[in-house]
Amino acid sequence: MDGNLRKYLAKLTGGMAAMAALALLVTAAPASADPGDEIPAGTRLAARTHPAVQLTSITYSGEVVVPSSQPKEAAWNQLTNEATQAVLAGKIPSDERSIAKFLFQRVASDVDRYLQPVGPERTVKAQIGGMCTGWWVTPDGYMVTGAHCVQMSDQELSQAFAQQGLEKFNKQDAKEMITALRDFEADKEMIELVQQIYVTFNSSHLEIRGLRKSLSVLQSLPGGGVDKTAKEVPAELVSVGESYPGKDFALLKVNGQQHLPTVPLGDDADVQTGDTLYISGFPGLVTNTPWFSVESKLDPALTEGPYNAKRSTQEGVPYIQTQAPSYQGNSGGPVFSRAGKVIGMLIAGTVSEGGEASENESFVLPVSVIKEKLNEKNVKPAASLTTTKYNEALDDFFQRHYKEALPKFREVQALFPSHPYVAKYITDSQQAISSGKDETPQPMWVWIAAGAGVLVLAGGGVLLLILLRGRRKRSASPRGEAPSPAYGGPYPGPNAGGGYPAQVGGGYDRQPVNGHVLPQSWQPQSLPPAGGQARAAGGHEAPRHLGHDQRPDGHDRQRPDAGYDAQRPDGATRYVRPAPSPYGEQRPPAMPGHAPAEAGAPDVADLEREIAELRRQLHHRQTEA
């Protein structure tokens, strides 16, 4: 290809590429986020951590054995004499109800003084239990919870079994005692007083046989969702500390697990007085209430409040006091910083005389103690692939990039089919996409392809320009004739500033004549005819058209527009395409003071081949892009 043409093409293509790149950058610039759409920290934290927070259960079962009761005769005789003296002294009324009330109150104050156990034994099967909160720290099933969530003292067991299994015996024994008082009609107050006597006696003399304890974690079945399909999965007790006010920590292991969602551990230094803390767990006021559905009971609650102070027990165990509300059932639940890392575990909270929680007195075991206990068992907390992918999907979801979030949520579901929440996020993402709410930005390859398309269009424009130049070259007149004007355009006169605009690019302002490039100062009229008249491609003479400026003898008048289309009698311009010159390979003579024309210029066929190759290369780049 002609060197000048190559330089011209390179410069023009470079300019087009720069404009395409600029357009690409402007189009691909991300839109600024709407501050009004900022997701609250608690919302993000709950979405990320709730999958790893599970409801735990402890269950004790066995046979409750209690003896029958019999009054101690000597003690009862003495009590009867005391009642008689009280009546005679006017200390109590003389009616039967007042005397009976005096007797029962004395017995209730010291049951073992007036009653003794005898046979036969009575047996009833009973089961007691409680709910707490736990959370996964490893993908293969290690869970952290509170020590008091996995064990009960002997006193607590007796009280719980007595309340669960002795109600029937307590009512039966109270009825027999009241019946022994002939012709005495007991009111409600008297019945409750007698029952309390036997609650105390039976509880203090019961025996638990065949005691069995089981720990479990409630998990969803494959398919996702926290609903009535959740089942109890057995858990093994690996390590347990001392109940509050000690290091109230326990470690469970659920076997056969993989890809479990987990939560990350932070450091004690991550939070300080005044920071907001977040407690996640299952409050007993929901799990123990029959009014709520199973789905509601198995969905964690998130509460928040300020870090009030750092405390220490008499045994030297550190605790954090927080104003974040907590309730029975929250025990063992993780406590998070604003950054979403565990900084402790909820252990205790004070209650009022009415049994209601005191919102400004929740106590948290610091994460440093949790790490200490995990290290003792060589358990290393780790983030699961499920959690990593799930958090990435949540980030896209909260940015309304639903098309990007959807495949990630599906990947989470494939990794962990029992994930309790991913199924709903999949549905929500699909609905958002269908309703046109998706704001996912186009991937980079789309912008690259668009930019490549712009470049291809620019390249096509350059090719079109080259082809037009080629057509002009091929349309050039033979030597001695001026080139004809472009099709359809007006031909400028001699005073109109020239018939062709100067070319752009590097100062190569030359005009093509008969396939050659000549200095602009040369005039086409100064070229002598080569070999007489120009001939057509077939060897015949090109037809000559007589016009107003052509002599009958075939000689042209010397005028600026000689050699161009003749004016027809009707005034319309007649366009005649001259035949290509057979002297295209010859170099024109150099004029004095001017450089000779460039040698070795390619003919039309060579130029067309160069253009075809350039077009093929541009098409190949577009395909690769």
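Just above, that's the structure.
About the criteria used
- Throughout this document, residue positions are counted from 1 along each chain, in the order its sequence is written.
- The predicted origin of the model limits local features to residues at a pLDDT of at least 70 and limits the giving and counting of side-chain atom pairs to 80 or more, whereas totals for whole chains, interfaces and linings rest on all residues.
- Working from all heavy atoms in the structure, the side-chain values ignore hydrogens and water.
- Only runs of H or I of at least four residues qualify as helices and only runs of E of at least two qualify as strands under DSSP, and these elements are numbered from the N terminus.
- Under the scheme applied here, a residue whose accessible area is under 20% of the maximum for its type counts as buried, over 50% as exposed, and between as partly exposed, the area being computed with a 1.4 Å probe on protein chains only.
- Contact criterion: two residues are considered in contact whenever any of their non-hydrogen atoms come within 4.5 Å of each other.
- To define a nonpolar core, start from buried Ala, Val, Leu, Ile, Met, Phe, Trp, Tyr and Cys residues and group those joined through side-chain atoms within 4.5 Å.
- Only the contacting stretch of a helix is used when fitting its axis, a line to C-alpha atoms as for every element, and angles between N-to-C directions run 0 to 180 degrees.
- Any angle between 65 and 115 degrees counts as roughly perpendicular, while under 35 counts as roughly parallel, over 145 as roughly antiparallel, and the rest as oblique.
- When the near helix sits turned anticlockwise from the far one by under a right angle, the crossing is termed left-handed; a clockwise turn instead gives a right-handed crossing.
- In this classification, Asp, Glu, Lys and Arg are treated as charged, Ala, Val, Leu, Ile, Met, Phe, Trp, Tyr, Cys and Pro as nonpolar, and every other residue, Gly included, as polar.
- To estimate the expected span of a helix, subtract one from its residue number and multiply by 1.5 Å.
- Here, a salt bridge means any Lys or Arg side-chain nitrogen found within 4 Å of an Asp or Glu carboxyl oxygen.
- Here a strand pair is declared whenever DSSP counts at least two bridges between the two strands.
- Side-chain rings of Phe, Tyr and Trp, where Trp is taken by its six-membered ring, are said to pair if the distance between their centres is within 6.5 Å; with planes under 30 degrees apart they count as stacked, over 60 as edge-to-face, and otherwise as tilted.
- Two thresholds decide whether a charge sits over a ring: the Lys NZ or Arg CZ must be within 6 Å of the ring centre and within 35 degrees of the ring normal.

*Asks:* Help me out: how do you make sense of the overall build of the chain in this one?
*Replies:* If you tally the helices and strands in the chain, you get 16 helices and 14 strands. Per-residue burial for the chain yields a buried fraction of 38% across its 625 residues. Of the contacts made within the chain by residues no fewer than 6 positions apart, 73% connect residues no fewer than 24 positions apart.

*Asks:* Sorry, what's going on with the environment of Thr200 here?
*Replies:* Looking at where Thr200 falls in the secondary structure, it is placed in helix α8 (residues 188-205). Relative accessible area serves as the criterion here: at 34%, Thr200 is assigned to the partly exposed category. Here the alpha-carbon distance between Thr200 and Val111, two residues 89 residues apart in the chain, equals 7.2 Å.

*Asks:* What is the right way to look at the side chain of Thr313 in this model?
*Replies:* Considering the arrangement of structural elements, one finds Thr313 in the loop between β8 (301-312) and β9 (318-322). Thr313 has contacts with Pro245 and Tyr319, leaving out every residue within four places of it along the chain.

*Asks:* Which parts of the structure should I look at to understand the nonpolar core?
*Replies:* Considering soluble globular proteins, one finds that nonpolar side chains tend to be buried as a cluster. Core analysis: the largest hydrophobic core is formed by 49 residues, its most contacted members being Trp135, Val144, Phe249, Met345, Leu365 and Leu374. When residues no more than four places from it in sequence are discounted, the contact partners of Leu374 are Val144, Phe249, Leu251, Leu265, Val379 and Pro381. Ranked by size, the runner-up nonpolar core spans 22 residues in total, among them Ala86, Val111, Ile178 and Ile197.

*Asks:* Is there a simple way to explain the packing of helix α4 (residues 96-109) against α8 in this structure?
*Replies:* Helix-helix packing: each pair is described by the crossing angle between the helix axes and the interaxial distance. Direction vectors running N to C along α4 and α8 enclose 25°, while the axes themselves pass 9 Å from each other. In terms of orientation, α4 lies roughly parallel with respect to α8. Like other packed secondary-structure pairs, α4 and α8 cross with a definite hand, here left-handed. Within the contact between the two elements, α4 uses Arg97, Ala100, Lys101, Phe104, Gln105, Val107 and Ala108 and α8 uses Glu189, Met190, Leu193, Val194 and Ile197. Of the residues assigned to the contact of α4 with α8, the class counts are eight nonpolar, one polar and three charged.

*Asks:* I tried to follow helix α3 (residues 73-88) on my own but got confused; where do I start?
*Replies:* Structural remark: α-helix, 3.6 residues per turn; residues separated by three or four positions point the same way. With 16 residues, α3 extends 23 Å between its outermost C-alpha atoms, agreeing within 8% with the 22 Å of an ideal straight helix rising 1.5 Å per residue. Just downstream of α3, Gly90 is the residue with a positive phi angle, here 75°.

*Asks:* Mind showing me how you'd approach the pattern of salt bridges here?
*Replies:* It is possible for side chains of opposite charge to pair when their charged atoms get near one another. Applying the stated criterion across every chain, the model contains 16 salt bridges. Notably, a salt bridge pairs Arg106 with Glu82, separated by 2.7 Å at the nearest N-O pair. With Arg106 in helix α4 and Glu82 in helix α3, the pair connects residues that are 24 residues apart, well separated along the chain. In this structure Arg106 comes out as partly exposed when scored by relative accessible area, which is 34%. Salt-bridge contacts for Asp396 lead to Lys408; the nearest nitrogen and oxygen are separated by 2.7 Å. Note that Asp396 is positioned in helix α12 (residues 385-398) and Lys408 in helix α13 (residues 402-415), a separation of twelve residues in sequence. For Lys408, a relative accessible area of 24% corresponds to the partly exposed category.

*Asks:* Looking at this structure, I do not really get the sheet that holds strand β5 (residues 231-240). What am I missing?
*Replies:* Strand pairing in a sheet takes place through backbone hydrogen bonds and is either antiparallel or parallel in direction. Ordered in space as β1-β2-β3-β6-β5-β4, the six strands form a closed barrel in which the pairing is antiparallel. For this sheet, the mean inter-axis angle between neighbouring strands, taken without regard to orientation, is 40°. Where helix α6 (residues 154-165) meets the sheet, its contacts fall on β1 (53-71), β2 (115-136) and β4 (207-219), and the angle it forms with β2 comes to roughly 110°.

*Asks:* I keep staring at the packing of aromatic side chains and nothing clicks. Help me out?
*Replies:* For any pair of aromatic rings, geometry is given as the distance between the ring centres together with the angle between the planes. Going through the model one piece at a time under the given rule, you end up with ten aromatic pairs. Where Phe397 meets Tyr425, the ring centres are 5.1 Å apart and the plane angle is 80°; that geometry is what we call edge-to-face. One end of the pair, Phe397, is in helix α12; the other, Tyr425, is in helix α14 (residues 422-434), and 28 residues separate them in sequence. Overall, the relative accessible area of 16% leaves Tyr425 in the buried class. If you follow Arg122 out to its NZ or CZ, it ends over the ring of Phe169, 5.0 Å from the centre.

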